[in-house]
Amino acid sequence: MSKSLSWNDLNCSIQPWIRIAIDSMGFETMTPVQASTIPMFSGNKDVVVESVTGSGKTVSFVIPILQKLFQDEENNCKLKKGHFFALIISPTRELSSQIQSVINSFLSYLPEDKTTVHSQLLVGTNSASVRDDLNDFFDKRPQILVGTPGRVLDFLKNATVKTSSCAMVVLDEADKLLDVTFEKDIESILNFLPKQRRTGLFSATLSSAGADIFKTGMTNPVRISVKSKMSAPGSLKIHYMTVKPRMKLQLLVSILKDIRYKKCIVYFPTCVSVTYFYSFLKYLGENSLLNDDLHIYSLHGKLQTSSRMTTLANFVDTLSSAVLLTTDVAARGIDIPDVDLVIQFDPPTDPDMFLHRCGRTGRANRNGKAITFLNEGREEDYVHFLRVKNIQLDEIIPDAQPIDGFENRFKKWVLHDRARFDHGIKAYVAFIRYYSKHSASSIFRLASLDYIGLAKLYGLIRLPRMPEITRNIPQDEIPEAGWLIESPINLDEFSYLNKQMELARIQNLDKSKEVSDKRKLKSELKKKNMAWSNKLEAKESKVNRKQKLAAKRKAIEEKISQEGSGEDSATEEDWKELVRKNKRKKTSSAVQGNFADL
């Protein structure tokens, strides 16, 4: 044991009951960030703390808050009604809930002769409104508030909440809180609070926040940066695998079956892809194609808060092997015991998020492995891109063989219900939209995507009509009518299992046929009833248009011939190509999808 990291050598005094809590909770020694931060933040210093993920930052601000709270117990713990002492803000409900549980773990060791201390969680839920939070606040009179920016701001806007006694503020995952997503809410919250307060900013990637940290009103803060040569902790091993897009799901299934792990988190790019692949993996599990004792959970930002909290709790409490399919909503700060494997199905659009994802394993010096899937080709340059950020990735050569009949089983599952077919298309389009927003755009380019292989990954039976596909795939490589199966199906007869959805589809189909028939009949009647003189005029007009087009073509060819005289004839362009170029310039670059023909 290093003497400098012994709790006995902590360079400040802490309450005896807090020390008992530390020993009882198994914190044998301090981490470097705790040894550096606790004395500063317990004193009268604002702190800006940057330390690798899993290094104990939460305890670094919970202990100073409790210590300051009991330094003047009479004044701080027995606050007037409507007042509070400390505020902790984090970007997600899950992280706020975790911080709340850490505080409650410490408070469970509070002696009976001490003034009772409460902590209140302020996060948006469907079951509790701001009015409910206010009722709990005045009933329990908590000294510490923990919450997400939106709900905290709504809470502080109520005139009955008094902020003048707030002495300490913590922004956890501060780089996220100070970006455009939460910036205005954070500024509004800080304007409610007294200027004479202690402020702490904590994150694993705080350097990306830059000068934004000074918007928090800190005065002469102490910057604490605890880094190693590697941006990740030494107990975390980060790997990558290069794989063909269509093989990604098979590779994931092979890893989940063959690698030994206690708990695994799999990160997907979008919410819709989480629910889509979760449904299919559950189907595989129910048909004994995954390990029988494997529990599968899904978590993303579009779920209700109560569902998210329940899912996370079930994943934490599961004693057997478990897999959590999720998005970046569970990438920051979440500390789940026994997570020893993290898989990134696709790299994140924000490079800083890469390390946050990996950091869900290998925490507190426990061994962990993180694996990232990279598409063969240009995406392999991402490895060199991360090395510039001091993140070292080692390659693993996939030894998993293609699973017999896997793609046919996937297609059969999709064709069983039109809802799955629709879901797969939405997930496919959402991924392309996600891919187009990648910050490392020189590596992750729409032009280099394997659109057909990607479609097979998502179980599509037909390519959707999208400008990205027509622009980036040669026409001779696109299957006939976009079909990806040998025997195209009649989409008009492809039904939903849900009876209400199927009834609505049939009604819409009948309406569209009726409209189509009416338009066709109207067009035929118009032609039939057209006067002979109008027909003659139409014919003459057609001849005139041809003559004008021929004259225009001749003029363009003469112009090209004059401009190209004395130059290599290879530089000449067909006049039709000029027209095409003009049309392409007018084409929007936005990601679109047209499914009218499906």
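The name given to the protein chain in an unreviewed UniProt entry is ATP-dependent RNA helicase, with the source organism recorded as Lachancea fermentati. The Sequence similarities (unreviewed entry) field of the UniProt record for the protein chain holds the comment "Belongs to the DEAD box helicase family. DDX55/SPB4 subfamily." Under Subcellular location (unreviewed entry), UniProt gives the following word-for-word description of the protein chain: "Nucleus, Nucleolus".

Trainee: Would you mind going over the overall build of the protein chain with me for this structure?
Mentor: Secondary structure summary: the protein chain contains 21 helices and 14 strands in total. Taking the intrachain contacts of the protein chain between residues at least 6 apart in sequence as the baseline, contacts between residues at least 24 apart amount to 78%. When the accessible surface of the protein chain is split by element, carbon and sulfur atoms take 48% of a total near 30600 Å².

Trainee: Would you mind showing me how to read the sheet that holds strand 12 (residues 339–344) here?
Mentor: Two modes of strand pairing occur in sheets, parallel and antiparallel, and in both the strands are linked by backbone hydrogen bonds. The parallel open sheet is built from 7 strands, whose spatial order is 10-11-9-12-13-8-14. In the strand order of this sheet, the two ends are held by strand 10 (295–299) and strand 14 (394–395), each with one partner. Lying on the sheet, helix 12 (residues 305–317) is in contact with strand 9 (263–267), strand 10, strand 11 (322–326) and strand 12; it crosses strand 10 at an angle near 150°. The sheet contacts of helix 13 (residues 351–358) involve strand 8 (236–243), strand 9, strand 12 and strand 13 (368–375), and relative to strand 12 the element is tilted by about 150°.

Trainee: What exactly am I supposed to notice about the sheet that holds strand 2 (residues 86–89) here?
Mentor: The 7 strands are arranged 3-4-2-5-6-1-7 in an open sheet whose pairing can be described as parallel. The outermost strands of the open sheet, each flanked by one partner alone, are strand 3 (119–122) and strand 7 (222–226). Put simply, the sheet's adjacent strands are angled 15° from each other on average, direction ignored. The strands touched by helix 3 (residues 57–71) within the sheet are strand 1 (47–51), strand 2, strand 4 (144–147), strand 5 (168–172) and strand 6 (198–203), with strand 5 carrying the most contacts at an inclination of about 170°. Sheet strands touched by helix 5 (residues 93–107): strand 2, strand 3, strand 4 and strand 5. Its angle to strand 3, the strand with the most contacts, is close to 175°.

Trainee: Could you clarify how one ought to interpret the nonpolar core in this entry?
Mentor: Proteins that are soluble and globular tend to have nonpolar side chains buried together. Ile88, Phe106, Leu252, Phe277, Phe373, Tyr428 and Tyr458 are the most contacted members of the largest nonpolar core, which has 132 residues in total. In terms of residue count, helix 16 (residues 418–436) provides more of this core than any other element does, 9 residues in total. The contacts of phenylalanine 277, once residues within four sequence positions are left out, are Leu249, Phe268, Leu325, Phe345, Phe410, Leu457 and Tyr458.

Trainee: Would you take a moment to explain the layout of surface pockets for this structure?
Mentor: Using a probe with the size of a water molecule, rolled over the atoms, empty space left in the structure can be pinpointed. When its volume is computed, the second largest pocket comes out at roughly 800 Å³. Forming the boundary of the second largest pocket are 32 residues, of which Lys176, Thr181, Phe182, Asp328 and Val329 lie nearest the centre. Contributing elements (two or more residues each) for the lining of the second largest pocket: helix 8 (174–177) and helix 13. It is helix 13 that provides the largest number of residues to the lining of the second largest pocket, a total of 3 residues. Classifying every residue of the lining of the second largest pocket by side-chain character gives 11 nonpolar, 9 polar and 12 charged.

Trainee: Explain empty space enclosed by the protein to me, please; I cannot follow it from the model alone.
Mentor: Overall, the coordinates contain 2 cavities of 30 Å³ or more when judged by the stated rule. Of all the secondary structure elements, the ones that give two or more residues to the lining of the second largest cavity are helix 15 (406–415) and helix 17 (451–457). With 3 residues, helix 15 is the largest single contributor of residues to the lining of the second largest cavity. Each residue belonging to the lining of the second largest cavity can be placed in one class, and the counts come to 4 nonpolar, no polar and 3 charged.

Trainee: Sorry if this is basic, but what is going on with the packing of helix 10 (residues 248–258) against helix 11 (residues 271–286) here?
Mentor: Packed helices, taken two at a time, are described by the angle between their axes plus the distance between the axes. Running from amino to carboxyl end, helix 10 crosses helix 11 at an angle of 50°, the nearest separation of the two axes being 12 Å. Looking at the two axes, helix 10 sits oblique to helix 11. The crossing of helix 10 and helix 11 is right-handed. Residues Leu249, Leu252 and Val253 of helix 10 form the contact with helix 11, whose participating residues are Phe277, Phe280, Leu281 and Leu284.

Trainee: Would you take a moment to explain the pattern of salt bridges for this structure?
Mentor: Any two side chains of opposite charge can pair, so long as their charged atoms come close to each other. Throughout the structure, instances matching the rule amount to 15 salt bridges. The shortest N-O distance in the salt bridge between lysine 248 and aspartate 346 comes to 2.5 Å. With lysine 248 in helix 10 and aspartate 346 in the loop between strand 12 and helix 13, the pair connects residues that are 98 residues apart, well separated along the chain. Like lysine 248, the residue aspartate 346 is buried in the burial classification. Ionic contacts of the salt-bridge type, sharing partners, join the residues Glu173, Asp175 and Arg332 into one network.

Trainee: Any chance you could explain the confidence of the model for the protein chain here in plain terms?
Mentor: Fine structural detail should not be taken from predicted coordinates in areas where pLDDT scores are low. Per-residue confidence for the protein chain gives a mean pLDDT of 87; residues scoring 70 or more make up 88%. Below pLDDT 50 for its whole length, residues 566–572 participates in 1 contact with residues either more than four positions away or in separate chains. Taken together, the stretch residues 594–598 has pLDDT below 50 and engages in 12 contacts with residues farther than four places along the chain or on a different chain.

Trainee: So what exactly am I meant to see when it comes to the pairing of strand 5 here?
Mentor: Of all 5 residues that make up strand 5, 5 are buried, and the element is covered over most of its length. The sheet contact formed by strand 2 and strand 5 spans 4 bridges and is parallel. In the strand pairing of strand 5, alanine 86 is matched with methionine 168. By the bridge criterion, 5 bridges tie strand 5 to strand 6 in an arrangement that is parallel. Across the sheet, residue valine 170 finds its bridge partner in strand 6, namely glycine 200.

Trainee: What exactly am I supposed to notice about the packing of aromatic side chains here?
Mentor: When we look at a pair of aromatic rings, we describe it by the centre distance and by the angle of the planes. Following the criterion strictly, the structure yields 29 aromatic pairs and no others. Consider the rings of phenylalanine 431 and tyrosine 458, whose centres lie 6.3 Å apart with planes at 40°: the pair is tilted. Placement of phenylalanine 431 in helix 16 and of tyrosine 458 in the loop between helix 17 and helix 18 (467–472) is noted, with a sequence separation of 27 residues between them. The class for phenylalanine 431 is buried, based on a relative accessible area of 1%.

About the thresholds
Residues numbered from 1 in each chain as written. Predicted model: local features only at pLDDT ≥ 70, side-chain atom pairs only at ≥ 80, totals over all residues. Heavy atoms only, no water. UniProt positions renumbered as here; feature names shortened; annotations may be inferred. Helix = DSSP H or I, 4+ residues; strand = E, 2+ residues; numbered from the N terminus. Contact = heavy atoms within 4.5 Å. Areas by Shrake-Rupley, 256 points an atom, 1.4 Å probe, with all protein chains shown as cover. Pairing = 2+ DSSP bridges. Axes fitted to C-alpha atoms, helices over the stretch in contact; angles between N-to-C directions. Core = buried A, V, L, I, M, F, W, Y, C linked by side-chain atoms within 4.5 Å. Buried < 20%, exposed > 50% of the residue type's maximum accessible area, 1.4 Å probe, protein only. 1 Å grid on protein atoms, 1.4 Å probe; cavity = no way out; pocket = protein on both sides within 12 Å on 5 of 7 lines; lining within 4 Å. Points joined across faces, edges and corners; volume = space filled by probe spheres on them. Nonpolar A, V, L, I, M, F, W, Y, C, P; charged D, E, K, R; others polar. Parallel < 35°, antiparallel > 145°, perpendicular 65-115°, else oblique. Left-handed = near helix turned anticlockwise from the far one by under 90°. Salt bridge = Lys/Arg side-chain N within 4 Å of Asp/Glu carboxyl O. pLDDT = per-residue confidence, 0-100. Phe/Tyr/Trp six-rings, centres within 6.5 Å; stacked < 30°, edge-to-face > 60°.

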